[in-house]
Amino acid sequence: HVAWGDGVYKSNDGGKTWKQMGLEKSEHIGKILVDPRNSDVVFVAAEGPLWSAGGERGLYKTTDAGKTWQLVLEIDENTGVTDIEFDPSNADIIYAAAYQRQRQTWSFLAGGPNSGIYKSTDKGNTWNQVKTGLPKGDMGKIGLAVTPASPDIVYASIEADDEEKGFYRSLDKGESWEKQNSYISGGTGPHYYQEIEASPQNPDLIYQMDVFYQVSRDGGKTFNYLGTGRE
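Residues numbered from 1 in each chain as written. Predicted model: local features only at pLDDT ≥ 70, side-chain atom pairs only at ≥ 80, totals over all residues. Heavy atoms only, no water.

J.: Describe the sheet that holds strand β6 (residues 70-73), listing the residues and the values that go with them.
T.: The pairing of strands in a sheet comes from backbone hydrogen bonds and takes either a parallel or an antiparallel form. Here 4 strands make up an open sheet; going across it, the order is β3-β4-β5-β6 and the pairing antiparallel. Strands at the two margins of the open sheet, each flanked by one partner only, are β3 (29-34) and β6. Within this sheet the neighbouring strands show an average axis-to-axis angle of 25 degrees, counted without direction. The pairing of β3 with strand β4 (residues 42-46) spans 5 bridges and is antiparallel. Each residue of the ladder has a partner; that of V34, found in β4, is V42. (Pairing = 2+ DSSP bridges. Helix = DSSP H or I, 4+ residues; strand = E, 2+ residues; numbered from the N terminus. Axes fitted to C-alpha atoms, helices over the stretch in contact; angles between N-to-C directions.)

Now the structure itself:
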């Protein structure tokens, strides 16, 4: 019941026309990041097919504006990448959220031992999984956010078991983490949401997508309904 696409498209005329640029077997793409220093360098977070293993799954990189693609973060046939972020102070540093999942007719396998957060300090060429302070059990979908207001801070909303799920914060560029809150998005499951955005001016101001928008004004310690803005 979940629709899928056929890869990455590019427009050179402000969106008037589009050209298919590959990754036809990715089916589900979580995010596209363009290097702020060179628009020919693009990263694509490919979640991969939902109903089967394999496909084009993981983190892909192009250095020639989409003519060719390299799989720079490959985990396994059931684990793709759902979110990516540059370090706002140094785009050589990249954070990626891996998501192991597969849907069957009778169930949805949301999460697994190969979900997690990865970090690269060399433009995506090599990667290390960061674990300090993060859930020790299986994780599901993870959303990431960074902010130029404080580039050392990385936020993550993490689907996990009831004891470990929640909103996490790193103060040292993703090397170690501390749980702030047990809230994760999704009235019908976090796989529909788990998207967070941090204010570029105030590092403590964070928005989380959900059935109703959620907002934190204290670095993720508490979340409340954003509401309509009216009294």
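J.: If you had to explain the sheet that holds strand β17 (residues 206-208) to someone new, which residues and values would you point to?
T.: Here we have 4 strands laid out as an open sheet, ordered β16-β17-β18-β19, and antiparallel in their pairing. Two strands close off the open sheet at either side, each with one partner strand: β16 (196-198) and β19 (224-225). The sheet contact formed by strand β18 (residues 214-216) and β19 spans 2 bridges and is antiparallel. Opposite V215, over in β19, you have N224 as the bridge partner.

J.: Got a sec to walk through the pattern of salt bridges? Specific residues and values, please.
T.: This structure, assessed with the given rule, holds 9 salt bridges. Two residues, D35 and R37, come together in a salt bridge whose shortest N-O distance is 3.0 Å. With a closest N to O distance of 2.7 Å, D87 and K173 form a salt bridge. Within this pair, whereas D87 is found in strand β7 (residues 79-87), its partner K173 is found in the loop between β14 (166-170) and β15 (178-181), the two being separated by 86 residues in sequence. Taking the relative accessible area as the measure of exposure, D87 reaches 2% and is therefore buried. Connected through salt bridges with shared partners, the residues K31, D83 and E85 form a single ionic network. (Salt bridge = Lys/Arg side-chain N within 4 Å of Asp/Glu carboxyl O. Buried < 20%, exposed > 50% of the residue type's maximum accessible area, 1.4 Å probe, protein only.)

J.: How would you summarise the pairing of strand β5 (residues 58-62) if you had to cite specific residues and measurements?
T.: Across the 5 residues that make up β5, a large majority, 5, are buried. As judged from the 5 bridges shared by β4 and β5, these two strands associate in the antiparallel manner. Looking at the pairing, A46 lines up with G58 of β5. Judged from the 3 bridges that link them, β5 and β6 form a sheet pairing that is antiparallel. Bridging across to β6, L59 finds its partner in L73.

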